[in-house]
Amino acid sequence: MAAKQKKKAKKKVTKRKAAKRKTTKRKATKRKATKRKATKKKATKRKATKRKATKKATKRKVTKKKPAKKKAEKKPAKKKAEKKVKKKTKRKPNPAFMRPLQLDEALSAVVGSTRMPRTEVTKQLWVYIRKNGLQDSVDRRMINADDKLKVVFNGKAQVSMFEMTKLVSRHMQ
């Protein structure tokens with residue numbers, strides 16, 4: 001029995017030693033970690049101070065170079081007139097719109113001519129509408145037709161300005 005007790009005692013001792021080793025290892029790793037953090041902080045502080053020192057040095061270098069330059073060495077600034085500016089060209093009208101068309105009797109009674117380009121017809125129509133006050137006062141997009149325009153608008157009393165161009169195009173060839 002004495003031998004068994006000795007073995008148990010040895011096991012307890014070894015367990016205690018193992019536990020101590022673990023705790024000492026943990027403490028050692030914690031110490032190392034704190035040392036690492038401290039060294040990292042010191043290193044970053046050193047780097048920061050180095051950066052500041054280099055910035056100061058570059059600023060000093062720049063300030064030293066400025067008085068050394070002479071005004072005669074500077075190149076004259078380019079004037080705005082010397083720069084190449086692209087000239088804007090006017091848009092050329094489409095020849096199909098500018099081609100004179102034959103107008104029928106109903107439309108020529110309003111516009112006042114027998115042959116006219118499409119663009120000129122719409123201009124003359126608007127002149128006629130404004131002259132006679134045919135644009136609706138509430139809804140400005142609507143045009144109230146008088147006797148001459150009713151014939152052009154196929155008997156409709158009121159037409160929108162977008163529908164007007166469609167109805168007028170039927171009277172041109």
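See the structure printed just above.
Draft legend 1. Representation of the overall build of the protein. Of regular secondary structure, the protein possesses six helices and four strands. Seen in sequence order, the protein has helices and strands lined up from the N terminus as α-α-β-α-β-α-β-α-β-α. Within the span of the protein, comprising 173 residues, buried residues form 17% of the whole. Considering only residue pairs separated by 6 or more positions, the protein has 27% of its internal contacts joining residues 24 or more positions apart. Total accessible area on the protein stands at roughly 16000 Å², and carbon and sulfur atoms take up 56% of it.

Draft legend 2. Structural detail: the pattern of salt bridges. Throughout the structure, instances matching the rule amount to two salt bridges. Of the charged contacts, one joins R141 and D139 as a salt bridge, the two residues approaching to 3.4 Å between their closest N and O atoms. Residue D139 is classed as partly exposed on the basis of its relative accessible area, which comes to 27%. The shortest N-O distance in the salt bridge between E163 and K156 comes to 2.5 Å.

Draft legend 3. Representation of the nonpolar core. Judged by nonpolar contacts, the single largest core of 23 residues is most densely connected at L107, V121, L149, F153, M164 and V168. Going through the elements one at a time, α3 (105-111), α4 (118-132), α5 (147-152) and α6 (161-169) are the ones with two or more residues in this core. The greatest single-element share of this core, amounting to five residues, is contributed by α4.

Draft legend 4. Geometry of α4. Along its 15 residues, α4 runs 22 Å from first to last C-alpha, staying within 8% of the 21 Å computed at 1.5 Å per residue. Burial in α4 covers these residues: V121, L125, W126, Y128 and I129. Projected down its long axis, α4 carries its buried residues within an arc of 160°, all on one side. Away from its buried face, by an angle of more than 90 degrees, α4 presents the exposed residues K123, R130 and K131. Where α4 is buried, its residues contact α3, β2 (115-116), β3 (142-144), α5 and α6. G133 sits one or two residues past α4 and shows a positive phi near 65°.

Draft legend 5. Region of interest: the side chain of H171. By the secondary structure assignment, H171 is in the segment after α6. Among the polar contacts listed, one links the side chain of H171 to the side chain of D104, at a separation of 2.6 Å.

Draft legend 6. How the structure looks around unusual backbone geometry. Even without being a glycine, N154 presents a positive backbone phi close to 60°. Structurally, N154 can be placed in the loop between α5 and β4 (158-160). The exposure class of N154 is partly exposed, given its relative accessible area of 45%.

Draft legend 7. Representation of the packing of α4 against α6. Two numbers describe how α4 lies on α6: the axes approach to 12 Å, and their chain directions differ by 125°. Taken together, the axes of α4 and α6 are oblique relative to one another. The interaxial crossing formed by α4 with α6 has right-handed handedness. Residues R118, V121, T122, L125, W126 and I129 of α4 form the contact with α6, whose own contacting residues are M161, M164, T165, V168 and S169. In terms of residue class, the contact of α4 with α6 is built from seven nonpolar, three polar and one charged.

Draft legend 8. View of α6. Here α6 has its buried residues at M164, L167 and V168. Down the axis, α6 shows its buried residues gathered within 100° of arc, on one side only.

What counts and how
Residues numbered from 1 in each chain as written. Predicted model: local features only at pLDDT ≥ 70, side-chain atom pairs only at ≥ 80, totals over all residues. Heavy atoms only, no water. Helix = DSSP H or I, 4+ residues; strand = E, 2+ residues; numbered from the N terminus. Buried < 20%, exposed > 50% of the residue type's maximum accessible area, 1.4 Å probe, protein only. Contact = heavy atoms within 4.5 Å. Areas by Shrake-Rupley, 256 points an atom, 1.4 Å probe, with all protein chains shown as cover. Salt bridge = Lys/Arg side-chain N within 4 Å of Asp/Glu carboxyl O. Core = buried A, V, L, I, M, F, W, Y, C linked by side-chain atoms within 4.5 Å. Expected span 1.5 Å × (residues − 1). Arc of directions from axis to C-beta. Polar contact = N/O pair within 3.5 Å; in protein donor to acceptor, adjacent residues only side chain to side chain. Axes fitted to C-alpha atoms, helices over the stretch in contact; angles between N-to-C directions. Parallel < 35°, antiparallel > 145°, perpendicular 65-115°, else oblique. Left-handed = near helix turned anticlockwise from the far one by under 90°. Nonpolar A, V, L, I, M, F, W, Y, C, P; charged D, E, K, R; others polar.

These results come straight from atomic positions and should not be treated as a statement about function.
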